[in-house]
Every structure is written in C-alpha cells, then in structure tokens.
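# Notes for the structure review
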Amino acid sequence: MVQDFFLFDIGDDMTETSVLSTRSILLIISGGIAAYKSLELIRLFRKTGTYVRVILTKGGEQFVTPLSVSALSEHPVYTDLWSLKDESEMGHIRLSREADLIIVAPASANLIAKMANGITDDLASTTLLASNKPIMISPAMNPEMWAKPSTQRNLEILKQDGIHIIAPNVGDMACGETGTGRMPEATELFKAAEDFFLNNQPLAAKTAIVTSGPTYEPIDPVRFIGNRSSGKQGHAIAAELAKQGVNVTLVTGPVSIPAPHGVKTIAIETAEDMKLAVTNALPADIFVGAAAVADWRVETPSVQKMKKRVGQTAPELKFTENPDILATVSTHPNRPSLVIGFAAETEDVLNYARAKLVKKGCDWIVANQVGKDANPVFGADDNQVTLITRTTTENWPSASKTDVAKMLVNKIVEDLKDEQQQLSRSTAK
Ligand code: CTP
C-alpha cells in the first residue's frame, strides 16, 4: 500500500536544468545493498526538477525505507499491487503510462528473471509487464550470480525485448567478493538517463527562447499601458518545446497562468526589459516571439502618481517607439537558426503577415486574425492560425492553444532535422 507519510521540504530547490528537467521517471527499486544509491539518484532527479514516482519491492524495502523514498521523491511510494487505495488513485497501469522512462535500479537477479519470463507476482513486475514505455535496468548482484548462465540468458532476452541495460561496474562488493556486479554510482545512472533522452529526442541538445504575454509600459508608478494577451499560446509553446527536451528560456510579461514545468522563466514588465532578457539569453537555436509587445511607451513616465486637479485639462502623453525584439533577434550576430514571429491582424491577415516576415527578417510567421468579429484569441483557449514561411503558406484548423503549440513544435522538429533546409535559409540571408 502507499506509505502516505507527511511530506516535508527537503530544502532542495530546482537548481540545475537538464534534459531530464521536463521528464517523468518511474523508478523501481528492488532488493539489493545498492538500493542506497537509488536514494541519491532520486535526489539528483529532484534537483533538476525531474518528476519521480517510486515503486519499492518487498526486497527493496529491506534496504531503504519508504519514508526516505517518499521524502526525497516528494511523493507517496508504491509498494503493494493489491492495495485498493493505490489501485483506485494510481493503479499499476497509470504508474507505467505516466512515465517517460522506467528505470529499475537496482535490478535484482530475481526481478530480471521475472521480467524475462513475464512473471507478474507483485506491483513492480506487473507494472513492468503492463508498461508501454522505454525501460532501463541497472543490474546489481554478487559476481557469481551475475556470471550464472541463467542470469546472462535472461539479460539476453531483455536486450532482445528492447530493454536498455546499464552494465554493472567491476569492483569490491558489499559481500566481500570482487568482480562484476556493482551498481554504477547515482551520477552515472543519472547520466545514462540523460543520454537516453539526448539520443532519442531530436531536439534534446537544442536551446530556445520564447517570449510570451503582454508588456506593461508605465505611465506613472501606478498606471501602465498594457494589452489583453494571456500568455497561453507562448507558454504552451515553451512547454511543448521543453517536452521535446529543448532547454527553454521563457521571457514573459505579467500573466496569471503558471510558468510551465521545466522551463527557465524570466518575468519582465516592459518591452525594453524583454529585449534585454532575450538578448542576454542568446545564443539559442530557436526563437519564438509570441509576446504581444507594446510598440510604444510613454517617453517620460511620471515619477509621482499623476493627480487629477479641478479645472485641469486631460494630460497628454508623449510616446516613443519601443525596440522591436523580433527584428533585433533576426539581425543579431548570434541569430538563432530558426526565428519565428507572430502576427495578430484585424484585416488582410496574410498580406500583412508576409510583409511582417520580410520587414522583421524572421523565418516563419504564425498569423491569426484578431478583432471583434473573429475568434477573440486573446484569453481564449482555441486559436486558428496560418503558418507562413518564406516559401509556403499553411492554414491550420482551429485547435486548442496546446494543440497549436504541438503542431508548431512538430514543424520545428522537422525543420531542425533537415540540415539542408537550414543551410539554404542561412545562404539566402
Ligand atoms: N514584436 C516584437 N517587438 C515589438 C513588437 C512586436 O518582438 N516591439 C514581435 C511580436 O512578438 C510578434 C511580431 O513582432 O512576434 C509581430 O507583432 P505585431 O504587434 O503584430 O507587429 P508590429 O510590429 O507591432 O506591427 P503592426 O503593429 O504594424 O501590426
């Protein structure tokens, strides 16, 4: 059953970003003295923001306590297949489905044998058989057990089944013998998990900067000029890029939605601050300018709150132009290889959007109609957009902003895989 302990703050804020920051890992700890290293592995995962759920087998429980595991993973730990409470809240099917990767560490000879033969007699083995997700195992056992033909046969079967096996290290064993069977250190397992995503995700080594939300331009210390952008589209794009393993910096104006998981988020207010945050974050491979940046700001905002006095005429505000962030990035010496802008237009959408692409020097424009009679867009959950590149125009069906973000990120994945495409773009500039 779930060991539902009171969870306390382990004082480890997410401090480092990694390809694992946006990932969900299901860690299965089976019986073996090396289980203590898995506690450190959980700590490393949490330090980078990785979401970790843990299953502890009966054997595993002999070496590490459910309390340590739940305190470090900041979640209840799962131990029992037959727990009515667990099965209704988080059954073995859901446990396996929610993970991007399942890691078995340490993987005992017994659990390896069960996996190789499809035996399901506890929560760990049942979840593994029910899983449709990639599985990585870190065998750890006495050198004699490791060398036995039965163990090697089982490992061969697992290899053929597509299971990733992290080879054990050679060295002194807790039992006093020396040989092959030591589980690698937590840092090595962490690296193996990172490498798994880097090798399996085309954008895992890429970096992106996304702008989102409105900008607020001050009139005086309490008043500002802003706009209705909710940040939903920009935030959704940042979240989808992060899910593909991209290291994302999101520069956002004031919004009421939460920062996406696993994304470095920088909150700004004015267009000038947004430009500074964006240029400081360069170089990057991808730039997506989804923010609704104010074109103008009040030239000299009042230092004190402006007062309304009897008989006084309405004040006149003098404006000055804000920097164009998209154009700045497009012409920057560290220009990303793919620069994408947005165009929100009330009329003649495609012509204005194409003109904007040329004027601002970006590669793609995501265009949409805004205004009273069209899809309200600002604040809405759905969006109907047209993707304009230098050579193509694609009308996309109306979809949720999350789905539009997914479609755009799929296009980005295709584009960045196509080196020829990038080459022709860079020579055309
Ligand atoms: N943009 C920007 N910096 C600005 C203004 C706009 O980076 N100062 C970016 C937006 O994030 C968006 C694109 O430029 O990706 C188009 O923004 P939009 O406001 O539609 O274009 P404008 O340049 O303001 O053109 P216009 O007001 O004439 O439509």
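In what follows, the accompanying structure is described. These numbers come from a predicted model, not from an experiment.

Before going further, it helps to spend a moment on the overall build of the chain. For the chain, the helix and strand inventory stands at 16 helices and 22 strands. The proportion of buried residues among the 429 residues of the chain is 49%. For the chain, the share of sequence-separated contacts (at least 6 apart) that also reach a separation of at least 24 residues comes to 68%.

By size, the foremost hydrophobic cluster in this structure holds 34 residues, and its most contacted members are Leu27, Ile29, Phe45, Val69 and Ile103. Counting only elements with at least two residues in this core, the list comes to strand 1 (24-29), helix 1 (35-47), strand 2 (51-56), helix 3 (66-73), strand 4 (101-107) and helix 10 (186-200). Examining the composition of this core, we find that 7 residues originate from one element, helix 10, more than from any other. Within the second largest apolar cluster, 31 residues are counted, among which are Val248, Leu250, Val404 and Leu408.

Among the structural elements, Ile103 can be located in strand 4. Each C-alpha atom of the pair Ile103 and Ile25 lies 7.2 Å from the other, and the pair is 78 residues apart in sequence.

Overall, the coordinates contain 19 salt bridges when judged by the stated rule. A salt bridge links Lys114 to Asp122; the nearest nitrogen and oxygen atoms lie 3.4 Å apart. When the shortest N-O distance is used, the salt bridge between Lys191 and Asp195 registers 2.9 Å. Of the two residues, Lys191 and Asp195 both sit in helix 10, 4 residues apart, roughly one turn of that helix.

Turning our eyes to something else, we now look at the packing of helix 6 (residues 109-117) against helix 9 (residues 149-160). Where helix 6 meets helix 9, the axes come as close as 9 Å, and the angle between the chain directions of the two elements is 50 degrees. By the criterion of interaxial angle, the relationship of helix 6 to helix 9 is oblique. Seen from above, helix 6 lies across helix 9 with left-handed handedness. Note on element contacts: helix 9 touches helix 6 through Asn154, Leu155, Ile157 and Leu158, opposite Ile112, Ala113, Met115, Ala116 and Asn117. In terms of residue class, the contact of helix 6 with helix 9 is made up of 7 nonpolar, 2 polar and no charged.

A separate point is the sheet that holds strand 20 (residues 386-388). In spatial order, the strands read 13-12-9-14-17-18-20-21; together these 8 strands make up an open sheet with mixed pairing. The open sheet has two free edges, formed respectively by strand 13 (264-267) and strand 21 (393-395), since each of these has just one partner strand. Going across the sheet, the axis of each strand differs from the next one's by a mean of 15 degrees, ignoring polarity. Examined bridge by bridge, strand 17 (residues 338-345) and strand 18 (residues 364-369) share 6 bridges and lie parallel to one another. Paired with Ala344 across the strands is Asn368, a residue of strand 18. The sheet strands contacting helix 14 (residues 349-360) are strand 17, strand 18, strand 20 and strand 21, and the helix crosses strand 18 at an angle near 150 degrees.

Cis geometry is adopted by the peptide bond preceding Pro106, which originates at Ala105 and carries an omega value of -5 degrees. With respect to the helices and strands, Pro106 occurs in strand 4. The linkage connecting Leu282 with the following residue, Pro283, adopts the cis geometry, with an omega of 5 degrees. By the secondary structure assignment, Pro283 is in the loop between helix 12 (271-281) and strand 14 (286-289). Positive phi, close to 60 degrees, is recorded for Glu74, a residue that is not glycine. Mapped onto the fold, Glu74 is located in the loop between helix 3 and strand 3 (77-78).

What follows is about the packing of aromatic side chains. Under the criterion given, the structure shown has 3 aromatic pairs. Here Phe196 and Phe197 contribute two aromatic rings whose centre-to-centre distance is 5.2 Å and whose plane-to-plane angle is 85 degrees, an arrangement assigned as edge-to-face. The exposure classification of Phe196 matches that of Phe197, with both residues buried.

Around the ligand sit 14 residues in total, of which Gly289, Ala291, Phe342, Lys356 and Lys360 are the nearest. One nitrogen or oxygen atom from the main chain of Gly289 is found 2.6 Å from an oxygen atom belonging to the ligand. Separating an oxygen atom of the ligand from a backbone N or O atom of Leu326 is a distance of 2.8 Å. Expressed as a share of its isolated accessible area of 560 Å², the protein-covered part of the ligand is 78%. In this structure the site holding the ligand corresponds to the largest pocket. Top element by residues in the shell around the ligand is strand 17. It accounts for 4 residues. Counted by class, the shell around the ligand contains 8 nonpolar, 2 polar and 4 charged residues.

What counts, and where the lines are drawn
- Residues numbered from 1 in each chain as written.
- Predicted model: local features only at pLDDT ≥ 70, side-chain atom pairs only at ≥ 80, totals over all residues.
- Heavy atoms only, no water.
- Helix = DSSP H or I, 4+ residues; strand = E, 2+ residues; numbered from the N terminus.
- Buried < 20%, exposed > 50% of the residue type's maximum accessible area, 1.4 Å probe, protein only.
- Contact = heavy atoms within 4.5 Å.
- Core = buried A, V, L, I, M, F, W, Y, C linked by side-chain atoms within 4.5 Å.
- Salt bridge = Lys/Arg side-chain N within 4 Å of Asp/Glu carboxyl O.
- Axes fitted to C-alpha atoms, helices over the stretch in contact; angles between N-to-C directions.
- Parallel < 35°, antiparallel > 145°, perpendicular 65-115°, else oblique.
- Left-handed = near helix turned anticlockwise from the far one by under 90°.
- Nonpolar A, V, L, I, M, F, W, Y, C, P; charged D, E, K, R; others polar.
- Pairing = 2+ DSSP bridges.
- Phe/Tyr/Trp six-rings, centres within 6.5 Å; stacked < 30°, edge-to-face > 60°.
- Near = heavy atom within 4 Å.
- Polar contact = N/O pair within 3.5 Å; in protein donor to acceptor, adjacent residues only side chain to side chain.
- Areas by Shrake-Rupley, 256 points an atom, 1.4 Å probe, with all protein chains shown as cover.
- 1 Å grid on protein atoms, 1.4 Å probe; cavity = no way out; pocket = protein on both sides within 12 Å on 5 of 7 lines; lining within 4 Å.
- Sits in = over half its atoms within 2 Å of the grid points.

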